[in-house]
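The residues making up each chain are set out below.
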Amino acid sequence: SQQGEEDPQALSIQEGENATMNCSYKTSINNLQWYRQNSGRGLVHLILIRSNEREKHSGRLRVTLDTSKKSSSLLITASRAADTASYFCATPEGGKLIFGQGTELSVKP
Amino acid sequence: SQTIHQWPATLVQPVGSPLSLECTVEGTSNPNLYWYRQAAGRGLQLLFYSVGIGQISSEVPQNLSASRPQDRQFILSSKKLLLSDSGFYLCAWDRTGLATGELFFGEGSRLTVL
């Protein structure tokens, strides 16, 4: 089953710009997670936001959650070339973590 | 600290040959273990998960099987590979289960079936 859907599928920006990725999901959740994947590597957990939270920060990352719209956004501020990667949202469903298709971010120096 | 290992990292196999991918976790006990598959340019598809030794749940009917012979070992197998089995296989574990916390992923095994 597919729970999270990211938008856009691909994003290309210049270094120093902000990058915003969106995620929509279908069912009620108790948390939503964002992961990053460098090309050909495993996924790395970035941030978890609980259903009773509206916003969360971690360094240059800012995540928002709107449970009424069943959507979340990931903002990366002052992007760097090293931020180039795929970003996935993931939501729990039936006790398992279900991932979206991801947003491929390219940050050009 | 906890670590997760997957091997082999890369595998090229002919159609009809068997498969065995291994995953081990160190530094924790009773982890929940997962196998995901990622097709090129796509998201992750959950294949199997396990909450304990010998306990395997299959998410998608397919040509693959999984086993957990030891607490921290998870194996993905096939008796006869198909072309459609090609992909990037990721093993993961978590502490809390029920998707309430983060998943820790291995570095993946890239399988090409020719």
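The structure displayed is predicted, hence computed values, not measured ones. (Residues numbered from 1 in each chain as written. Chains lettered and ligands numbered in written order. Predicted model: local features only at pLDDT ≥ 70, side-chain atom pairs only at ≥ 80, totals over all residues. Heavy atoms only, no water.)

## Details of the overall build of chain B
Assigned secondary structure in chain B consists of 0 helices and 11 strands. Of the regular secondary structure in chain B, the N- to C-terminal order runs β-β-β-β-β-β-β-β-β-β-β. Taking 114 residues into account, the globule formula puts the C-alpha radius of gyration at 13 Å, and chain B, at 13 Å, falls close to it. In terms of its C-alpha atoms, chain B occupies a principal-axis envelope of roughly 40 × 30 × 25 Å. The buried share of chain B, reckoned over its 114 residues, is 49%. Restricting to contacts in chain B with at least 6 residues of sequence separation, those with at least 24 account for 55%. Element-wise, carbon and sulfur atoms account for 53% of the exposed surface of chain B, whose accessible area totals about 5,400 Å². Charged side chains of chain B number 8 positive and 8 negative; the gap between the two group centres comes to 8 Å. (Helix = DSSP H or I, 4+ residues; strand = E, 2+ residues; numbered from the N terminus. Rg over C-alpha atoms; globule rule 2.2 N^0.38 Å. Buried < 20%, exposed > 50% of the residue type's maximum accessible area, 1.4 Å probe, protein only. Contact = heavy atoms within 4.5 Å. Areas by Shrake-Rupley, 256 points an atom, 1.4 Å probe, with all protein chains shown as cover. Lys, Arg positive; Asp, Glu negative; His and termini not counted. Charge placed at Lys NZ, Arg CZ, Asp CG, Glu CD.)

## A few points about the interface of chain A and chain B
With 20 residues of chain A at the contact, the number on the chain B side is 21 residues. Here chain A meets chain B over a buried area of about 1,700 Å², counting both sides, of which 52% is carbon and sulfur. Counting every contact that joins chain A to chain B gives 2 salt bridges. Taking the shortest distance from any N to any O, the salt bridge between Glu59(B) and Lys96(A) comes out at 3.4 Å. Taken together, chain A and chain B are joined by 7 residue pairs in polar contact (both at pLDDT 80 or more). Among the elements of the structure, strand 4 (31–37), strand 5 (43–50), strand 9 (85–93) and strand 10 (96–99) of chain A are those that each provide at least two residues to the side of chain A that touches chain B. Here the residues of the side of chain A that touches chain B sort into 7 nonpolar, 10 polar and 3 charged. (Buried area = accessible area lost by both parts, 1.4 Å probe. Salt bridge = Lys/Arg side-chain N within 4 Å of Asp/Glu carboxyl O. Polar contact = N/O pair within 3.5 Å; in protein donor to acceptor, adjacent residues only side chain to side chain. Nonpolar A, V, L, I, M, F, W, Y, C, P; charged D, E, K, R; others polar.)

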